[in-house]
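Topology and contacts: notes
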Amino acid sequence: MAPETATAPAQSVKPGINKSFLDPDLDVDQWIKRFEVESREVFRARDQIVKQLKLKPGDRIADVGTGTGLFVEPFSLAVGEKGWVFALDIVPKFVERVGKISDILDLKNVTPVLCGQDDVRLPPASIDAAFICDVYHHFEYPSRSMASLHKAIVPGGQLILIDFERIPGKSREWTLGHVRAGKETFRKEVEDAGFEFVEEVKIPAFEENYFLRFKRK
């Protein structure tokens with residue numbers, strides 16, 4: 001199915017999900033302590049995750065919802081000087097932090113991007129891969145955001161979706177209350193946006209998360 005082109009005002013699928021992130025007084029250090037700790041699965045598994053992306057020198061990747069920039073340096077190293085990393089977020093302070101990290105680490109192939117809540121704000125066919133890690137459930141307007149990603153990824157490019165397993169009776173109360181839907185629903189939404197499901201990758205360190213790979217049609 002071809003991705004929809006939204007014309008009418010979209011309705012949020014989970015109003016207020018990003019309220020804390022859009023607070024102008026957001027404390028970046030507080031989020032570093034929450035995101036970059038061993039108790040967070042994707043932090044512990046970051047090396048395994050990067051390996052499974054199978055990035056090649058020269059690839060262009062969008063880190064969608066980069067947050068505190070956990071994956072920016074490993075992505076930069078993986079794609080090399082001929083590749084590029086677009087670090088996207090809706091939070092100005094996160095985008096500013098990624099810019100500072102890039103300067104400090106001398107990552108010359110990184111562009112921080114302040115994206116919109118319904119638009120990744122990347123040019124057509126500008127990336128080979130998109131990485132959405134623990135972020136998709138924060139998409140308030142998923143059909144629009146995915147339509148903009150579909151345009152940005154070259155045909156045959158990959159999209160990686162990592163999110164929380166949401167299984168009533170099994171998942172934590174936090175997950176059930178915070179994450180709006182389970183893996184099958186999210187997979188269908190991505191497929192409906194014009195992506196073909198390729199595989200679910202098993203990450204040994206994952207207990208609460210899953211890793212899905214898609215290909216842009």
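Refer to the structure presented above.
All of these numbers come straight from a predicted model, not from anything done at the bench. (Residues numbered from 1 in each chain as written. Predicted model: local features only at pLDDT ≥ 70, side-chain atom pairs only at ≥ 80, totals over all residues. Heavy atoms only, no water.)

1. Focus on the environment of Phe214
- Residue position: Phe214 is located in strand β7 (residues 209–216).
- Taking C-alpha positions, Phe214 is 8.0 Å from Leu161, a pair spaced 53 residues apart along the chain.
- In this structure Phe214 touches Gly157, Gln158, Leu159, Leu161, Arg187, Val190, Glu191, Phe195, Glu196, Phe197 and Val198, once residues within four positions along its chain are discounted. (Helix = DSSP H or I, 4+ residues; strand = E, 2+ residues; numbered from the N terminus. Contact = heavy atoms within 4.5 Å.)

2. Notes on the environment of Gln48
- Along the polypeptide, Gln48 turns up in helix α3 (residues 46–53).
- Judged by its relative accessible area of 29%, Gln48 is partly exposed.
- C-alpha separation for the pair Gln48 and Ala193, spaced 145 residues apart in sequence, amounts to 27 Å.
- The contact partners of Gln48, leaving out residues within four places of it in the chain, are Ile203, Pro204 and Ala205.
- A distance of 3.4 Å separates a polar side-chain atom of Gln48 from the backbone nitrogen of Ala205. (Buried < 20%, exposed > 50% of the residue type's maximum accessible area, 1.4 Å probe, protein only. Polar contact = N/O pair within 3.5 Å; in protein donor to acceptor, adjacent residues only side chain to side chain.)

3. Notes on helix α4 (residues 72–79)
- Inspection of α4 places Val72, Phe75, Ser76 and Val79 among the buried residues, and these make up the whole buried set. Along the long axis of α4, the arc covered by the buried residues comes to 100°, so they all point the same way.
- Contacts from the buried residues of α4 go to α3, β1 (60–64), β2 (84–89), α5 (92–104), β3 (110–114) and β4 (127–133). (Arc of directions from axis to C-beta.)

4. Quick word on helix α1 (residues 28–35)
- Every buried residue belonging to α1 is among Val28, Trp31, Ile32 and Phe35, and all of these are buried. For α1, the buried positions fall inside an angular range of 110° around the axis, keeping them on one side.
- In this structure, the buried side of α1 is in contact with α2 (41–44) and α5.

5. Concerning the packing of aromatic side chains
- Following the criterion strictly, the structure yields twelve aromatic pairs and no others.
- Here Phe75 and Phe131 contribute two aromatic rings whose centre-to-centre distance is 5.0 Å and whose plane-to-plane angle is 90°, an arrangement assigned as edge-to-face. Note that Phe75 is positioned in helix α4 and Phe131 in strand β4, a separation of 56 residues in sequence. One exposure class covers both Phe75 and Phe131, and it is buried.
- Taking the ring centre of Tyr210 as reference, the NZ or CZ of Lys183 above it sits at 5.5 Å.
- One residue, Arg187, lies across the ring of Phe197, its end atom 3.7 Å from the ring centre. (Phe/Tyr/Trp six-rings, centres within 6.5 Å; stacked < 30°, edge-to-face > 60°. Lys NZ or Arg CZ within 6 Å of the ring centre and 35° of its normal.)

6. With respect to the side chain of Arg40
- Structurally, Arg40 is set in the loop between α1 and α2.
- Sequence-distant contacts of Arg40, that is, excluding residues within four places in its chain, are made with Arg34, Phe35, Leu70 and Asp134.

7. So, unusual backbone geometry
- A positive phi is found at Lys54, a non-glycine position, where the angle reads about 55°.
- Mapped onto the secondary structure, Lys54 falls in the loop between α3 and β1.

8. A look at the pattern of salt bridges
- Per the counting criterion, the structure on display carries 15 salt bridges.
- One salt bridge connects Glu96 with Lys100, and the closest N-O pair in it is separated by 3.4 Å. You can see Glu96 and its partner Lys100 sitting in helix α5, four residues apart, about one turn around the helix.
- Residue Glu96 is classed as partly exposed on the basis of its relative accessible area, which comes to 46%.
- According to the relative accessible area criterion, Lys100 is partly exposed, its value standing at 49%.
- In this structure, Glu200 and Lys183 form a salt bridge, with 3.1 Å as the shortest nitrogen-oxygen distance. One end of the pair, Glu200, is in strand β6 (residues 195–201); the other, Lys183, is in helix α8 (residues 183–192), and 17 residues separate them in sequence.
- Here Glu200 falls in the partly exposed class, since its relative accessible area comes to 29%.
- The exposure class of Lys183 is buried, given its relative accessible area of 17%.
- When salt bridges with common partners are traced through the structure, they connect Glu165, Lys183, Glu200 and Lys202 into a single cluster. (Salt bridge = Lys/Arg side-chain N within 4 Å of Asp/Glu carboxyl O.)

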